[in-house]
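Listed below, chain by chain, are the residues.
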Amino acid sequence: MAPKISVIVPLYKTERFVEKCVRSVMEQTFKDIEIICVDDCSPDDSTLIVRRLAAEDSRIQLIRHMENRGLGGARNTGILHARAPYIASVDSDDYIDPKMLEALYDGTQDGLYDVVVCGFERVDEAGKVLSKHLQAQKVVDPIPEDQDPYKLANPAFWNKLWRTSLYTQNDIFFPNHIYYQDAATTPRVFAYAKNINFIGGAYYKYLVRADSVTNKVSDKHKLDKYRELDFVKDFFVERGLYGKYHEAFRSRVFDTYHYHFRTIVENNPKLDGDSIRYLRYLLLMRESYLGLDDTIRSMTVEELKAAFQDGSVDIHRLGLQKGTISSGGFQPRIVRPWSRTPDVMVLTLHSGENEFTQSKQSLESQSYTRWTHKVFSGLGNVESHRVLYEEIMANSGRYHIFLKLDADMVFADEAVLSDIVNRFSGDPQLDHFIVACDDWMTGKQIIGVHAFSNRVVWERTSEGLFVDPSPKRPGKRVIIENPEKTFFFHSPDPSPFQAFHFGAHRALKLTQRHRPYEDKRPDAMQIQWDVFFNVWQRFRETGDTRLGLALLACDLVVSGQLGEGVHDYKDPELLEVFRQHEKLTMAEILSAIEPIWGTLASRRSYFARAVGDDGLRKIEEDRLRRKKERRRSKQQVRNPASDDRIRMRRRYRMYRVMLSPFIDEKLKRKLEKSPTAFFLDARHPALKFGRWLHRKDLR
């Protein structure tokens, strides 16, 4: 059985301290751990000491490198061998409080948090506390999108409990053989962490010793500070995160060079000529890094050679290659096909829907786990959609796929998200995927869930009714209206108020009473009418009062008793009118709405009243327009060759025999003369056989 925490202890030249370090881990009150000691070709007796301790404790395993890889390499080996869902690390000259791992694991709250952080003490070899570093207890959940990863927590690897998958799934590891490998790594991890819990307490004991490498300032230390910056920047650019963290990274550059400045000034109170020259060099390096680096990164090998050899390349005039970061510091969108496992952002608009908890649980049960969930609550209908689409565009460099999951949408099974991801991964041209879901209100499948690639964009619009515009996209859109399997359940258990709002909101789209004539959408009128008719049929079949409340709300909008504001859940008028109707019985509701929906004649009259004269005229214009388009399409399709191909098919001869008893002589002549046009024009129920005809027959 796998342990709950894997503790990594790198070994190198710390024989004086390693036993105290490892025993402090062995004696933890939290016992469900493994202790991974990594011998990085240590020339002293550190390994022998660990072997002796391993004879006492079977939880200790010793891994030996064949060549020295540095502290970062030893940590990487520990991460790759870790079996636990969380990892911790203790440097072999430090030690920890007996309750540290227990406190950290409790801080995960049964796996809720990705990172848990405790405080630490700096101590000397005698155990005297030199300083305490306590961070206030707090929770950051979720980590804000604009959070500076350098300032979220100190960059140390060792006073934290990390979710192992943050490293392994995102391919994040420590650089080998450089100082400051923590600062080169933890900002990259924080860029992917969802949340963090600061528990306080000075559990980690950081040993300050005279011969420690951290107390030395050498040329390699100075150079590695630059390498640390480059390591993180390369990662951010590669993953499309540089635009998001551009300002944070710029601040880090200033802090890094200022660190070197302080080192020179504090160590040389009386600055000599060499020190002054070095400070000038630092300033030039900083300004060059900030001003020219983005351009230099786009240079080809030939340009780099020319720039070094004869200065023939004017760096300031270099144009950025396509796909690199822009001169303004903002990242490009991730290109397709993707080079790594896609990251998904799931966005939910929540206004009090009854299924919200069920929706979240169905998301958390998905077999595909590389997702982040963001919920927008307390916003109006228009504002919430605007913020949602801006969120997608703002995160186009961090996530590959965005799923708009309304709070009343529930995943049908654990493989749905994986299926959606596979559709995008398998089709580099796919940018907008739409799938129908099983809708409780209508008992039908309706278009409901949208997924987008990170390449789509929306323009600002003043639209207040139809707030789900299709985005601009370089690739294609795929719509599945009748999926072979169920992807989502829509509103499987609505509250009475939710159903009432459903009816009012869709009635606004049916009537469109305040829209100018040229902006009316006849297609939406027809769609919403079909929705209400299906709700009526469901109401007659089930007697569920929630369905009746939806139809009542529709009539209140059609009759003008409810205004345009009812598209928002928190509209005062909507709430007040709902309270007046929520106690109605099934019989009372039926008596109110049956005169409207009970007969074909009453429904036709009601539809005309709902859409108005302008709506009817717009619908008729749209019908004539589509009829003309069909004629043009037929003229393009209809040709002798096409008709001949159909006549040669056995299927056509079978259709002709089956249809003959049902059609008159005129239609029979049309079937013989122009079978293509015949099947395209088929309207009579008997002619629906034509729908069986393969489309390739009509080309």
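A brief look at the structure comes next. Predicted model, so just to flag it, every value in this text is computed and none were measured. (Residues numbered from 1 in each chain as written. Predicted model: local features only at pLDDT ≥ 70, side-chain atom pairs only at ≥ 80, totals over all residues. Heavy atoms only, no water.)

## Brief notes about the overall build of the chain
Next, step 1: In terms of regular secondary structure, the chain is built from 23 helices and 18 strands.
Next, step 2: Of all 699 residues assigned to the chain, the portion counted as buried reaches 51%.
Next, step 3: Excluding contacts between residues fewer than 6 apart, the proportion of contacts in the chain whose partners are at least 24 apart in sequence is 77%.
Next, step 4: For the chain, the exposed surface amounts to about 34200 Å²; the carbon and sulfur share of it is 51%. (Helix = DSSP H or I, 4+ residues; strand = E, 2+ residues; numbered from the N terminus. Buried < 20%, exposed > 50% of the residue type's maximum accessible area, 1.4 Å probe, protein only. Contact = heavy atoms within 4.5 Å. Areas by Shrake-Rupley, 256 points an atom, 1.4 Å probe, with all protein chains shown as cover.)

## Description of helix α1 (residues 18–26)
Next, step 1: Within α1, the full set of buried residues consists of V18, C21, V22, S24, V25 and M26.
Next, step 2: Those residues of α1 that are buried lie in contact with β1 (5–11), β2 (33–39), α2 (46–56), β3 (60–64) and β5 (95–96).

## Here we look at the packing of aromatic side chains
Next, step 1: Tallied over the full model, the rule gives 26 aromatic pairs.
Next, step 2: Between the aromatic rings of F30 and Y105, the centroid separation amounts to 4.9 Å while the plane-to-plane angle is 40°, which identifies the pairing as tilted. One end of the pair, F30, is in the loop between α1 and β2; the other, Y105, is in helix α4 (residues 100–107), and 75 residues separate them in sequence.
Next, step 3: On the basis of relative accessible area, Y105 is assigned to the buried category, the value being 17%.
Next, step 4: Pairing Y192 with F235 gives two aromatic rings, centres 6.3 Å apart and planes at 75°, and the pair type is edge-to-face. In this pair, Y192 sits in the loop between α6 (186–190) and β10 (196–207) while F235 sits in helix α7 (residues 219–238), placing the two residues 43 residues apart along the sequence.
Next, step 5: Members of the aromatic cluster, joined through ring pairs, are F157, W162, Y167, F174 and F190.
Next, step 6: The aromatic ring of W440 is capped on one face by R538, whose charged end is 5.1 Å from the ring centroid.
Next, step 7: For K618, the ring lying beneath its charged end belongs to Y517, and the centroid distance is 4.9 Å. (Phe/Tyr/Trp six-rings, centres within 6.5 Å; stacked < 30°, edge-to-face > 60°. Lys NZ or Arg CZ within 6 Å of the ring centre and 35° of its normal.)

## Here's the deal with the nonpolar core
Next, step 1: In this structure, F500, L562 and W597 are the most contacted members of the largest nonpolar core, which totals 43 residues.
Next, step 2: Secondary-structure elements contributing two or more residues to this core are α14 (496–511), α15 (522–542), α16 (545–558), α17 (572–581), α18 (586–597) and α19 (600–637).
Next, step 3: No other element matches the ten residues that α16 contributes to this core.
Next, step 4: If we skip the residues at most four places from it in the chain, L562 touches F500, A504, R513, A553, L556, V557, E573, L574 and V577. (Core = buried A, V, L, I, M, F, W, Y, C linked by side-chain atoms within 4.5 Å.)

## A look at the pattern of salt bridges
Next, step 1: For the structure shown, the criterion picks out 35 salt bridges.
Next, step 2: Two residues, R75 and D91, come together in a salt bridge whose shortest N-O distance is 3.2 Å. Pair noted here: R75 is in helix α3 (residues 70–81) and D91 is in the loop between β4 (86–89) and β5, with a separation of 16 residues, a long-range link.
Next, step 3: The class for R75 is buried, based on a relative accessible area of 1%.
Next, step 4: The partner of K205 in a salt bridge is E121, with the nearest N and O atoms 2.9 Å apart. With K205 in strand β10 and E121 in strand β6 (residues 115–123), the pair connects residues that are 84 residues apart, well separated along the chain.
Next, step 5: Since its relative accessible area comes to 9%, E121 is described here as buried.
Next, step 6: In this structure, a network of salt bridges that share partners links the residues E19, R23, R52 and E56. (Salt bridge = Lys/Arg side-chain N within 4 Å of Asp/Glu carboxyl O.)

## Things to note about the pairing of strand β15 (residues 430–439)
Next, step 1: Most of β15 sits inside the fold, with nine of its ten residues counted as buried.
Next, step 2: Here β15 pairs with strand β17 (residues 476–480) via five bridges, running parallel. Its bridge partner lying in β17, I434 is registered against I479.
Next, step 3: Where β15 folds back onto strand β16 (residues 445–453) in an antiparallel hairpin, the turn is made up of five residues, including G443, whose phi is positive at roughly 70°. (Pairing = 2+ DSSP bridges.)

## Considering the side chain of H450
Next, step 1: For H450, the location among the structural elements is in strand β16.
Next, step 2: A relative accessible area of 17% places H450 in the buried class.
Next, step 3: Among the polar contacts made by the side chain of H450, one reaches the side chain of H432 at a distance of 3.0 Å.
Next, step 4: Leave out the neighbours within four places in its chain, and H450 touches F402, L403, K404, H432, F433 and I434. (Polar contact = N/O pair within 3.5 Å; in protein donor to acceptor, adjacent residues only side chain to side chain.)

## A word on the side chain of R506
Next, step 1: Among the structural elements, R506 can be located in helix α14.
Next, step 2: Summary of buried charges: R506 has no salt-bridge partner, and the nearest side chain of opposite charge, D439, is 6.1 Å away.
Next, step 3: Once you skip the residues sitting within four places of it in the chain, R506 turns out to touch I446, Q528, V531 and F532. (Lys, Arg positive; Asp, Glu negative; His and termini not counted.)

## Focus on the packing of α15 against α18
Next, step 1: Their axes nearest at 12 Å, the elements α15 and α18 cross at an angle of 135°. The angle between α15 and α18 falls in the class oblique. Between α15 and α18 lies a crossing whose hand is left-handed. Here α15 contributes W529, F532, F533, W536, F539 and R540 to the contact with α18, which in turn contributes M586, I589, L590, I593, E594 and W597.
Next, step 2: Residue composition of the contact of α15 with α18, by class: ten nonpolar, no polar and two charged. (Axes fitted to C-alpha atoms, helices over the stretch in contact; angles between N-to-C directions. Parallel < 35°, antiparallel > 145°, perpendicular 65-115°, else oblique. Left-handed = near helix turned anticlockwise from the far one by under 90°. Nonpolar A, V, L, I, M, F, W, Y, C, P; charged D, E, K, R; others polar.)

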